[in-house]
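Reading the structure
Residues per chain are reported as follows:
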Amino acid sequence: MVKSTSLALAVLAGLFAAPAFAQDVPNLKIYTYDGFAAEWGPGPGLKAGFEAICKCTVDFVAADSSIGTLRRVQLEGATTEADLIVGLDTAIAGEARDTGLFAEHNFYFDELTLPYGWTDKNFVPFDYAHFAFVYDSDKVANPPKSFEELIAMPDDFKIVIQDPRSATPGLGLVLWIKAAYGDSAPEIWAGLKPHILTVTREWSESYNLFLEGEADMALSYTTSPAYHIVEEDDDTIKAALFTEGHFAQTEVAGVLKSSKHQDLAFQFLDYLTSADAQKIIPTTNWMFPVVDLGGELNPAFGALPQPEKTLTLPEAEIEANSGAWIDEMLKAIQ
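Residues numbered from 1 in each chain as written. Predicted model: local features only at pLDDT ≥ 70, side-chain atom pairs only at ≥ 80, totals over all residues. Heavy atoms only, no water.

1. Observations regarding helix 4 (residues 66–76)
Buried within helix 4 are the following residues: Ser-66, Ile-67, Gly-68, Thr-69, Leu-70 and Val-73. Taken together, the buried residues of helix 4 touch strand 2 (27–33), strand 3 (57–63), strand 4 (84–89), helix 5 (93–98) and helix 7 (168–181). Among the residues trailing helix 4, Gly-77 stands out with phi positive, at a value near 60°. (Buried < 20%, exposed > 50% of the residue type's maximum accessible area, 1.4 Å probe, protein only. Helix = DSSP H or I, 4+ residues; strand = E, 2+ residues; numbered from the N terminus. Contact = heavy atoms within 4.5 Å.)

Structure representation (structure tokens):
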């Protein structure tokens, strides 16, 4: 759990402060991606929950992806109106850190349920899942259990993936294959080429193609089946588990140095990892919470098969090489 003594004191001070005039109520501006801010995403619930305790207003400003959110902040620099960003992930955290735009926090982390430890001083995690290919078990009786098995499928067995330059799952796939195969990654990409129906700009485009029956598998997450179970009472959508292991995506939030409401922004980060906020995330963002919710976690998540092995790459290695790895992938599949 994220804890901060200074934040606790700040909250207490706020509770005993004199009531502010309406025009003095601070407005916390949060940059995020469109799915997070959507009416069906976690944004509205988090907004309502935090406004109930912060004596402030919260505005989510959405880009088409977390990569797009980072690009906007990079363009705006220190003049940005954003107080914090919610929805970056560990694949682009190093690039975000190197902008010099993000403040350090004073949280410490206790009892997180991430598949690995967390010590980052700029970013706070709020959910996670592993990248995976999903399939319809009514249509695919024997899904591939590795990239090699996927490559060996008949050429008419099609997958849809996302562009790593615009979509975090697409970048996640590049990192997944690199973490699993190292210097042999180009050979894996070349083997996958006959199976790639298309490369879409965003996740939603490729997932819709899969749901419409245009492709046999789509690049998504191990948690994606939970949506179909909870919202549609459909347990036929499953994630294929690969013997190589799976690369994990952890979504993070960070406060900007230029924020005019920095104390309030850090208070939001504290709230984001509280049990009240974490209860909102699983069935709105369809990811695992980063704290143990016990019986309050929807049972659909507890029933999801999970990888036996989590693959990782050092942040510095990702930052130094991701551009070259993306070029490597594009060259192999064109």
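Let's pick the thread back up.
2. Remarks on the packing of helix 3 (residues 43–54) against helix 11 (residues 262–272)
At a closest axis distance of 11 Å, the pairing of helix 3 and helix 11 adopts a crossing angle of 120°. One element, helix 3, and the other, helix 11, form an angle in the oblique class. Read as a crossing pair, helix 3 and helix 11 show a hand that is right-handed. Two secondary-structure elements touch here, helix 3 through Gly-45, Leu-46, Gly-49, Phe-50, Ile-53 and Cys-54 and helix 11 through Leu-264, Gln-267, Phe-268, Tyr-271 and Leu-272. Class assignment for the residues of the contact of helix 3 with helix 11 results in eight nonpolar, three polar and no charged. (Axes fitted to C-alpha atoms, helices over the stretch in contact; angles between N-to-C directions. Parallel < 35°, antiparallel > 145°, perpendicular 65-115°, else oblique. Left-handed = near helix turned anticlockwise from the far one by under 90°. Nonpolar A, V, L, I, M, F, W, Y, C, P; charged D, E, K, R; others polar.)

3. Focus on the environment of Glu-308
Within the secondary structure, Glu-308 is located in the loop between helix 14 (299–302) and strand 13 (310–311). Judged by its relative accessible area of 87%, Glu-308 is exposed. Residues Glu-308 and Ile-177, 131 residues apart in the sequence, show an inter-C-alpha distance of 17 Å.

4. Some details on the state of the cysteines
Counted under the stated rule, the structure contains one disulfide. Two residues share a disulfide in this structure: Cys-54 and Cys-56, whose sulfurs sit 1.9 Å from each other. Measuring handedness by torsion sign, the sulfur bridge of Cys-54 and Cys-56 sits at about -90° and is left-handed. Among the residues examined, Cys-56 registers a relative accessible area of 6% and is labelled buried. (Disulfide = S-S within 2.5 Å.)

5. Considering the nonpolar core
Within the largest apolar cluster, 66 residues are counted, with the highest numbers of intra-cluster contacts made by Phe-133, Phe-147, Trp-176 and Trp-189. Ignoring sequence-local partners within four residues, the contact set of Trp-189 consists of Ile-161, Leu-173, Val-174, Ile-177, Met-329, Ala-332 and Ile-333. Listed in part, the 27 residues of the second largest apolar core include Leu-28, Leu-264, Ala-277 and Ile-281. (Core = buried A, V, L, I, M, F, W, Y, C linked by side-chain atoms within 4.5 Å.)

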